[in-house]
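Summary of structural features
Spelled out, the chains give:
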Amino acid sequence: MHCDQCQESIKGTGCFVRGVCGKDERTAALQDVLVYATEGIALCAEALPQPLDRKYGRFISECLFVTVTNTNFDDVSIEVQIQKALAMRDEIKTLTGTTPEHDAATWSGSTREEFLGKAMASSIDSLSADPDLRSLKSLLLYGIKGLAAYTDHAAVLGYNDDDIYAFYVKGLSALTKELSADELLGLVMECGATAVKAMALLDKANTETYGNPEITTVKTGVGTRPGILISGHDLRDMEDLLKQTEGAGVDVYTHCEMLPAHYYPAFKKYDHFVGNYGNSWWSQDQEFESFNGPILMTTNCIVPVRESYRNRMFTTGMAGYPGLKHIPARAEGGQKDFSEIVELAKTCKAPTMLENGEIVGGFAHTQVLALADKVVDAVKSGAIKRFVVMAGCDGRHATRKYYTDVAEALPKDTIILTAGCAKYRYNKLPLGDIGGIPRVLDAGQCNDSYSLAVIAMKLQEVFGLDDINDLPISYDIAWYEQKAVTVLLALLYLGVKGIRLGPTLPEFLTPNIATALVKTFDLKPIGTVDADVEAMMAGN
Ligand code: SF4
Ligand code: SF3
């Protein structure tokens with residue numbers, strides 16, 4: 001195995017024997033083969049007329065989402081997905097009457113052994129013999145993986161964009177071709193452009209389905225009734241679960257990236273939707289234990305499951321873990337059946353209290369723009385000196401304390417704009433407000449980083465600036481998995497310069513490619529807290 005797709009890959013080289021995430025060699029190989037199978041679909045689909053039948057795009061979204069860090073560790077479900085992918089690829093060949101001359105388009109197999117026999121050909125090392133070209137192809141692939149996750153969420157709510165599906169064909173088939181660095185860089189930028197479309201599509205899907213997020217105070221304590229804990233990013237699962245638990249005598253709590261569900265009007269109406277339990281994904285092994293009731297994991301991030309809660313943890317959607325019950329997909333127009341989870345919850349103890357406070361959030365673009373006059377006045381009067389975007393992912397490493405320290409060290413006349421699970425490093429700190437505007441404005445999940453871009457573009461318009469980089473906004477982004485790569489590419493495509501990226505720059509970037517990105521986009525690694533805060537306050 002060789003995997004280097006996340007920030008926690010073993011330093012300098014990637015993971016070779018077992019991932020820091022818990023992914024073993026066989027699962028890693030099967031995930032690589034699944035990606036390779038989607039490259040085969042894309043290669044064959046180049047001969048299909050556009051727009052593609054959406055079933056191909058939707059299926060590619062699902063396959064790639066399976067391979068996002070911490071989403072699926074279940075070899076059996078990955079094998080089923082590979083079988084379906086090969087069948088789909090062959091269906092396309094029948095339709096077009098042509099077969100591209102590449103192994104990704106011609107190989108066949110149906111058993112685990114045959115799939116594992118393709119591990120070498122599917123590995124990231126086979127993308128190119130040239131380290132810089134392999135680096136660019138990795139950047140493209142990981143960008144497309146995150147894109148696929150967001151596109152899948154939108155599709156679950158009935159929203160699709162044929163341009164995104166067309167880009168899958170272009171981007172994934174490019175991974176099988178010998179292209180120049182300039183051609184690959186062009187595709188990486190096109191991935192950023194497509195990421196903006198995907199996040200806009202998901203924003204539309206979420207807000208048209210569940211309403212515009214509103215300023216909300218979420219409780220972090222617990223009640224006396226048994227609870228169900230729901231984590232991950234899938235709002236449609238949230239909807240089904242809330243409907244099926246109404247009047248059942250159990251409460252529903254969010255964990256990690258599901259916290260922003262509380263901000264949507266469609267979910268606020270449920271009295272039994274009571275609060276958020278715990279922190280970000282990596283502390284789940286302790287928090288799931290003390291929750292005492294069933295846990296539903298709708299997407300990433302799963303950490304190796306402890307015996308103490310194994311029997312009450314469930315996966316659904318693209319998430320999977322060996323030995324856990326998986327709730328099957330909903331029939332067209334129907335709901336998923338969460339009855340087993342609800343019945344189990346009724347037999348469980350209430351959650352053990354971890355804390356008893358509040359988190360304020362719901363500052364997506366409509367809510368912030370509703371406050372635009374107040375925000376603009378505060379900037380003009382000097383009450384707000386600077387905005388610092390600290391969106392992205394959280395992770396296990398102690399070095400991420402940097403983000404807590406930056407939040408605390410920033411002067412009191414700064415506002416932190418956040419989205420994603422990165423927020424757990426500072427969203428419970430008493431940072432105060434500026435004239436009633438909280439100093440931490442949480443737009444929502446990582447995909448809601450789109451909201452932060454919309455807010456920036458609106459401020460640019462209000463202040464009549466030609467360049468988005470002239471705004472008093474700095475970017476201090478934390479990354480972990482591939483969705484953050486996608487968000488980063490979207491920001492670069494939008495012309496944002498001078499982004500700090502940490503806690504480390506991606507290992508899959510070779511020194512040459514990292515230097516090129518630093519030169520073109522002024523992308524920076526993080527430094528010390530004091531130096532970074534001083535530089536950001538000076539507009540650097
Ligand atoms: Fe290693 Fe990250 Fe890959 Fe897991 S996802 S194997 S931790 S690089
Ligand atoms: Fe977090 Fe996994 Fe990336 Fe959606 S839940 S931001 S890491």
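Residues numbered from 1 in each chain as written. Chains lettered and ligands numbered in written order. Predicted model: local features only at pLDDT ≥ 70, side-chain atom pairs only at ≥ 80, totals over all residues. Heavy atoms only, no water.

**Describing the sheet that holds strand β13 (residues 440-442)**
The condition that has to hold: Two strands pair under a simple rule: DSSP has to find at least two bridges between them. Each helix corresponds to a stretch of at least 4 residues labelled H or I by DSSP, and each strand to a stretch of at least 2 residues labelled E; elements are numbered beginning at the N terminus.
The six strands lie next to each other as β13-β10-β9-β14-β15-β16, forming an open sheet whose pairing is parallel. Of all the strands in the sheet, just β13 and β16 (524-525) have a single pairing partner and so form its edges. Sheet topology places strand β15 (residues 500-502) next to β16; two bridges connect them, and they run parallel. If you follow Arg-500 over to β16, its bridge partner there is Lys-524.

**Remarks on the site of ligand 1**
The condition is simple: Nearness of a residue to a molecule or strand requires only that one of the residue's heavy atoms be within 4 Å of it. Residues are grouped as follows: nonpolar covers Ala, Val, Leu, Ile, Met, Phe, Trp, Tyr, Cys and Pro; charged covers Asp, Glu, Lys and Arg; every other residue, Gly included, is treated as polar.
As a matter of local geometry, ligand 1 sits amid Met-1, Cys-3, Asp-4, Gln-5, Cys-6, Ser-9, Cys-15, Gly-19, Val-20, Cys-21, Lys-23 and Thr-69. Of the residues contributing to the shell around ligand 1, the split by class is six nonpolar, four polar and two charged.

**A word on the pairing of strand β8 (residues 358-361)**
Heads up, the rule is: Relative accessible area decides the class of each residue, using a 1.4 Å probe on protein chains only: under 20% of the type maximum gives buried, over 50% gives exposed, and in between gives partly exposed.
Alternating positions in β8 separate cleanly, Ile-359 and Gly-361 being buried on one face and Glu-358 and Val-360 remaining unburied on the opposite face. Here strand β1 (residues 216-219) pairs with β8 via four bridges, running antiparallel. Looking across to β8, one finds that Val-218 is bridged to Ile-359.

**Structural notes on helix α19 (residues 482-493)**
What counts is decided by this rule: In this scheme, a helix's expected span is set at 1.5 Å multiplied by one less than its residue total.
The end-to-end C-alpha separation of α19 is 17 Å, in line with the 16 Å expected for 12 residues at 1.5 Å each. With 11 of its 12 residues buried, α19 lies for the most part within the structure. Backbone geometry just after α19 places Gly-495 at a positive phi near 95°.

**Some words on the UniProt feature "modified residue: Cysteine persulfide" (unreviewed entry) in the protein chain**
Counted only if it meets this: UniProt positions are given in the numbering used here, feature names are shortened, and annotations may be inferred rather than shown by experiment. Throughout, a residue-residue contact means that at least one pair of heavy atoms, one from each residue, lies within 4.5 Å.
Taking the UniProt record as the reference, the feature "modified residue: Cysteine persulfide" (unreviewed entry) is found at Cys-393. Assignment of secondary structure puts Cys-393 in the loop between β9 (386-389) and α17 (401-409). Among residues more than four places away in sequence, those in contact with Cys-393 are Arg-400, Cys-421, Ala-422, Ala-478, Trp-479, Tyr-480, Glu-481 and Ala-484.

**Concerning the packing of aromatic side chains**
To keep things clear, this is the line we draw: Planes of paired rings set the category: under 30 degrees apart is stacked, over 60 is edge-to-face and the rest tilted, where pairs are Phe, Tyr or Trp rings (Trp by its six-membered ring) whose centres lie within 6.5 Å.
Here the structure, examined in full by the defined rule, presents 15 aromatic pairs. When the ring of Tyr-264 is compared with that of Phe-267, the centres are 6.3 Å apart and the planes differ by 65°; the resulting orientation is edge-to-face. Each member of the pair, Tyr-264 together with Phe-267, is buried. For the pair Trp-281 and Tyr-480, a centre-to-centre distance of 4.6 Å together with 20° between the ring planes defines the contact as stacked. Linking Trp-281 in the loop between β4 (273-276) and α12 (284-291) with Tyr-480 in the loop between β14 (473-478) and α19, this pair joins segments that are 199 residues apart in sequence.

**Quick look at the pattern of salt bridges**
The cut-off we apply is this: Every case where a carboxyl oxygen of Asp or Glu lies within 4 Å of a side-chain nitrogen of Lys or Arg is listed as a salt bridge.
A complete count under the given rule lists 36 salt bridges for this structure. With a closest N to O distance of 2.7 Å, Glu-340 and Lys-325 form a salt bridge. In this pair, Glu-340 is assigned in helix α14 (residues 339-346) and Lys-325 in strand β7 (residues 325-327), connecting sequence segments 15 residues apart. Several salt bridges converge on common partners, so that one network encompasses Arg-236, Asp-237, Glu-239, Asp-240, Lys-243, Arg-330 and Lys-336.

**Structural notes on the UniProt feature "binding site: hybrid [4Fe-2O-2S] cluster" (unreviewed entry) in the protein chain**
UniProt tags His-233, Glu-257, Cys-301, Cys-393, Cys-421, Cys-446, Glu-481 and Lys-483 as "binding site: hybrid [4Fe-2O-2S] cluster" (unreviewed entry). The named residues occupy 251 residues along the chain; their greatest pairwise C-alpha distance, 13.9 Å, places them in one compact cluster. Residue class for His-233 comes out buried when judged on its relative accessible area of 5%. Not counting chain neighbours up to four residues away, the residues in contact with His-233 comprise His-153, Glu-257, Met-258, Thr-298, Thr-299, Asn-300, Gln-445, Cys-446, Asn-447 and Lys-483.

**Some details on the sheet that holds strand β5 (residues 295-297)**
Note on sheets: strands pair through backbone hydrogen bonds, and any given pair is parallel or antiparallel. Heads up, the rule is: Angles run from 0 to 180 degrees between N-to-C directions of axes, and those axes are lines fitted to C-alpha atoms, restricted for helices to the stretch in contact.
Taken in spatial order, the six strands line up as β4-β3-β2-β5-β6-β7 in an open sheet, and their pairing is parallel. With partners counted over all chains shown, the strands left at the sheet margins are β4 and β7, one partner each. Neighbour to neighbour, the strand axes of the sheet diverge by 30° on average, direction disregarded.

**Looking at helix α9 (residues 181-210)**
The terminal C-alpha atoms of α9, which comprises 30 residues, lie 42 Å apart, in line with the 44 Å expected from a rise of 1.5 Å per residue. The positive-phi residue at the C-terminal boundary of α9 is Gly-211, with phi of around 90°.

**Quick look at the side chain of His-365**
Worth spelling out the cut-off: Two N or O atoms count as a polar contact when they lie within 3.5 Å, although within protein this holds only if one can serve as hydrogen donor and the other as acceptor, and sequence-adjacent residues are included solely when both atoms are side-chain atoms.
Position of His-365 among the secondary structure elements: in helix α15 (residues 365-370). Judged by relative accessible area, which is 13%, His-365 ranks as buried. Side-chain polar atoms of His-365 contact the side chain of Asp-203, separated by 2.9 Å.

**A look at the environment of Asp-132**
Checked against the element boundaries, Asp-132 lands in helix α7 (residues 131-156). Here Asp-132 falls in the partly exposed class, since its relative accessible area comes to 21%. In this view, Asp-132 contacts Thr-510, Asn-512 and Ile-513; residues no more than four positions away in its chain are not counted. Engagement of the side chain of Asp-132 in a polar contact is seen with the side chain of Asn-512, the distance being 2.8 Å.

**So, the confidence of the model for the protein chain**
The test is simple: You can read pLDDT as the predictor saying how much it trusts each residue, on a scale of 0 to 100.
Mean pLDDT over the protein chain: 97, with 100% of residues reaching 70 or higher. Here the complex is predicted with pTM 0.98, and the ipTM for its interfaces comes to 0.98.

**Quick word on the environment of Thr-528**
Considering the arrangement of structural elements, one finds Thr-528 in the loop between β16 and α21 (529-537). Given a relative accessible area of 52%, Thr-528 falls into the exposed group. In the structure, Thr-528 is positioned 123 residues away from Asp-405 in sequence and 9.8 Å away in space, judged by C-alpha atoms.

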